[in-house]
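Residues per chain, in single letters:
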Amino acid sequence: GTRGGFVRGVRTGVTSVVLPATAVIGGAVLAFRPFWRQFSPPARQWGAEVGPYARPGDVLTIFGVFLTILLPFFFLTWRRILAPDGQPLGRLRRAAMIAAGIALALSLADLGALAHLSLRQAVSIRTFALAMTAFGIYLALHRATPERHRHPLVLATFAFALVAGCEFVFVWDRMNTVFKFYLEAWLLFGLASGPVLCELFRGERARSRWRLVWQGIVGAAVAVAAFTSVSGAWGALTHRHAAGPRWTLDGTAYLRRSDPQELAAFEWINRSVAGLPILVEAYGPSYGAYARVAMNTGLPIVLGWDYHVFQRGHGWAEINRRKADLETIFTSKDEPRVAAVLRHYHAALVYVGPLERRTYAGGNLADFTKWTDLLTPVYRNPAVTIFAVNGSSIGTPPPLTIETADEPQAVALPAAAQDPIGVLRQPRGIACDRAGNVYVADFGNCRIQKFDRDLKPVAAWGRRGTAPGEFQDPCDVAVGPDGNVYVADTWNGRVQVFDPAGHYLREFGSNLYGPRGIAVDSTGRVWVADTGNNRVVRFTPAGASDLVIGGRPENPNLLAGPTGIAVDAHDRVYVCDNDHGRLAVFDSGGKLLNAFPVPGWRREVFSEPHVALDVNASIWVTVPMASEVRRYSSDGHLLSALGEPGNSPMAPSRPLGLALCPTGRAILVSDPVKPTLLLLGVRP
């Protein structure tokens, strides 16, 4: 009877649904219990979405094929409910369907603009998605809906609900909300479209007039989607993210050309280091080169990409402490302190490569080499040194392996023979020390040249490359109060520091892009014109970035293509804001104090002006495209312009670098077109 049927239904539900679900969920809970006992989830990040929202055009781009299939299907199902068995629709019901279609179309438009006879899409898809969700619920639950239509209706309705929900609520952040939930919506739309598509082309009355129109629209949408899918796949396969061999599954193959020295170090680790000892490498911003040793070897490290570490349940206090501890390891001169930090993290290996030297002003390599009680070098090539921590889990350190790995091909292949010492090739920045010695960024020879006060060559150092003491097109040079020489190593994206004789001391400057100007103030702070990032970056004497001027979201256009830079005795910073055609003056905290136009500065090849200051508060600048050196007052009034007319050997063609020699009143200019140094004149 009725009671027996109810009991059988309950029994079937328990055995077919409840017990299997309990087994799956319970088993999952038990399997993951060790993880959850140790995991501390981050604070919940969710709330009401305030925009930017998904516009209809963007949603159509993502789900367009499915919408051409499912929207007519929704209305076709509704028609079958309103007029079953193929009966004709009554006038009111037909009007209701037309009104519903118009309302859905209007939900995709900006009604405010439409009222002014302007057609613009709505700021959000949410009204349309909510309407389709309600529409789908009505159709899926209606008793007159054919059973074969319920499953695709339920799947599509849930997909519309996900799209609508993303317009009202964010989980973690907007990007992750759309990214994660749109993937699920795409899958649900696809599953719902399958049976509908099958019925559209193979079902009953497949040759009716309206079905032929529907089939044509769907066919066109599929063709467009197929084209973009094929062209997108082709683009993904053919776009070169990095120079290297094509058609390989070896994710490190590109390193054989772009960075074989680091690849050699990674291969040594994979070949020689057993187990999973903890390795120390540089920390830096996410989505870049940082954590590359862990990526290529699988070894655990002290800190990876911080935001992802936070998402995995580690608090910012712990993350920031680890950042500070890594800085201690790579910068501190206190051996016991470094040893304590290494023991705290049970570190077994310390990796010092180009990124560590650049991030931490040399990466403490000199001290690591001296601390033989703490560290033992186990691997070395021209770019990388790896140390084992004595007494760590790695046990007895293996014998030192020294390799002569190849240089990066991108650097080595185009290298040309250097000119003899004293001969310049496209010289850029110039600097003078207190004794009157002149240092020149010998751009074309990828080196620094030193001349005495009589402009006789004394020394030269460097060659094209990425290792310490090597350069890629250095554009500027400065002398600090300590007498050391600071070089803007432009296409290595770093600052290198040398003693007056050219011996490499350290380097720093991660995240610089094509820096073309450098200056050192009276306290030893280093100011860099980070040209490619449209900003100026200040570094402490130890090489830590502590101030950024320009290039920020709140003021992205403050600077554009800055090149030359100088600092006066009051720590005012003078920046050649080349692409804006002006000289900008900032205080030591980055506040804009003054700016005035310099006619002739513009974004063009060889328009790389420099600036120098004299004791009379005059501002000297080069104007390459006007072949002039100009003197301005502090408030921007032009006082004089220097340059020999005609074809005189002393006539600057494209004056770039500029220095005012401290031992006299000479104005020294570099000219990459001549190419030479010009003793242009005597300043007042």
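Keep in mind that this is a model prediction, so the values were computed, not measured.

Chemist: Quick rundown of the overall build of the protein? Include the residues and the values.
Modeler: A count of helical and extended segments in the protein gives 17 helices and 30 strands. The buried share of the protein, taken over its 684 residues, is 46%. Per element, the accessible surface of the protein, about 34,100 Å² overall, is 60% carbon and sulfur. With 68 positive and 55 negative side-chain charges, the protein shows a spacing of 13 Å between the two charge centroids.

Chemist: Residue-level account of the nonpolar core, with values.
Modeler: Counting residues in hydrophobic clusters, the biggest one holds 41 residues, and the most contacted among them are Phe-63, Leu-70, Phe-74, Val-163 and Phe-189. When residues of this core are traced back to their parent elements, those giving at least two are helix H2 (56–82), helix H3 (91–107), helix H5 (126–141), helix H6 (147–165), helix H7 (174–202) and helix H8 (209–238). When residues no more than four places from it in sequence are discounted, the contact partners of Phe-74 are Met-132, Phe-135, Gly-136, Leu-139, Leu-153, Ala-156, Thr-157 and Phe-160. Ile-329, Phe-330, Tyr-360 and Trp-371 belong to the second largest nonpolar core, which has 29 residues in total.

Chemist: Can you explain the environment of Ile-549? Please cite residues and give values.
Modeler: Looking at the element boundaries, Ile-549 is found in strand E19 (residues 545–549). Owing to a relative accessible area of 2%, Ile-549 belongs among the buried residues under this scheme.

Chemist: Could you give me a rundown of the sheet that holds strand E8 (residues 430–432), with the residues and numbers involved?
Modeler: Spatially, four strands are ordered E8-E9-E10-E11 in an open sheet, and the strand pairing comes out antiparallel. Two strands lie at the open edges of the sheet, namely E8 and strand E11 (457–461), each paired on one side alone. Going from strand to strand, the sheet's axes swing by 20° on average, the running direction of each strand aside. Sheet topology places strand E9 (residues 438–442) next to strand E10 (residues 447–451); five bridges connect them, and they run antiparallel.

Chemist: Please provide a residue-by-residue account of the side chain of Glu-167, values included.
Modeler: Note that Glu-167 resides in the loop between H6 and strand E2 (169–171). At a separation of 3.0 Å, a polar atom in the side chain of Glu-167 contacts the main-chain amide nitrogen of Ala-54. In this structure, Glu-167 is in contact with Glu-49, Tyr-53, Ala-54, Ser-124, Ile-125, Arg-126, Arg-174 and Tyr-182, ignoring residues within four places of it in sequence.

Chemist: Can you break down a nonpolar patch on the surface residue by residue, with the values?
Modeler: On the surface, a cluster of nonpolar side chains totalling about 600 Å² of accessible area is made up of Phe-6, Val-7, Val-10, Val-14, Val-17, Val-18 and Leu-19. Assignment of secondary structure puts Val-7 in helix H1 (residues 2–38).

Chemist: Provide a residue-level description of helix H14 (residues 335–344), including the pertinent values.
Modeler: Turning to H14, its buried residues number three or more, namely Val-338, Ala-339, Val-341 and Leu-342. Within H14, the buried residues cover an arc of 165° as seen down the axis, which keeps them to one side. Facing away from the buried surface of H14 by more than 90 degrees, the exposed residues are Pro-336 and Arg-343. In the core, the buried residues of H14 are packed alongside strand E3 (278–280), helix H13 (316–331), strand E4 (347–352), strand E5 (375–380) and strand E6 (385–389). His-346 sits one or two residues past H14 and shows a positive phi near 55°.

Chemist: Lay out the sheet that holds E3 in plain terms, naming residues and giving numbers.
Modeler: Here we have five strands laid out as an open sheet, ordered E3-E4-E6-E5-E7, and mixed in their pairing. Of all the strands in the sheet, just E3 and strand E7 (401–402) have a single pairing partner and so form its edges. Summarising the sheet, E4 and E6 pair through four bridges and their orientation is antiparallel. Note that in E6 the partner of Val-352 across the bridge is Thr-385.

Here is what the cut-offs are and how they apply
Residues numbered from 1 in each chain as written. Predicted model: local features only at pLDDT ≥ 70, side-chain atom pairs only at ≥ 80, totals over all residues. Heavy atoms only, no water. Helix = DSSP H or I, 4+ residues; strand = E, 2+ residues; numbered from the N terminus. Buried < 20%, exposed > 50% of the residue type's maximum accessible area, 1.4 Å probe, protein only. Areas by Shrake-Rupley, 256 points an atom, 1.4 Å probe, with all protein chains shown as cover. Lys, Arg positive; Asp, Glu negative; His and termini not counted. Charge placed at Lys NZ, Arg CZ, Asp CG, Glu CD. Core = buried A, V, L, I, M, F, W, Y, C linked by side-chain atoms within 4.5 Å. Contact = heavy atoms within 4.5 Å. Pairing = 2+ DSSP bridges. Axes fitted to C-alpha atoms, helices over the stretch in contact; angles between N-to-C directions. Polar contact = N/O pair within 3.5 Å; in protein donor to acceptor, adjacent residues only side chain to side chain. Patch = residues over 30% accessible without salt bridge, like charges linked within 9 Å, V, L, I, M, F, W, Y side chains within 5 Å. Salt bridge = Lys/Arg side-chain N within 4 Å of Asp/Glu carboxyl O. Arc of directions from axis to C-beta.

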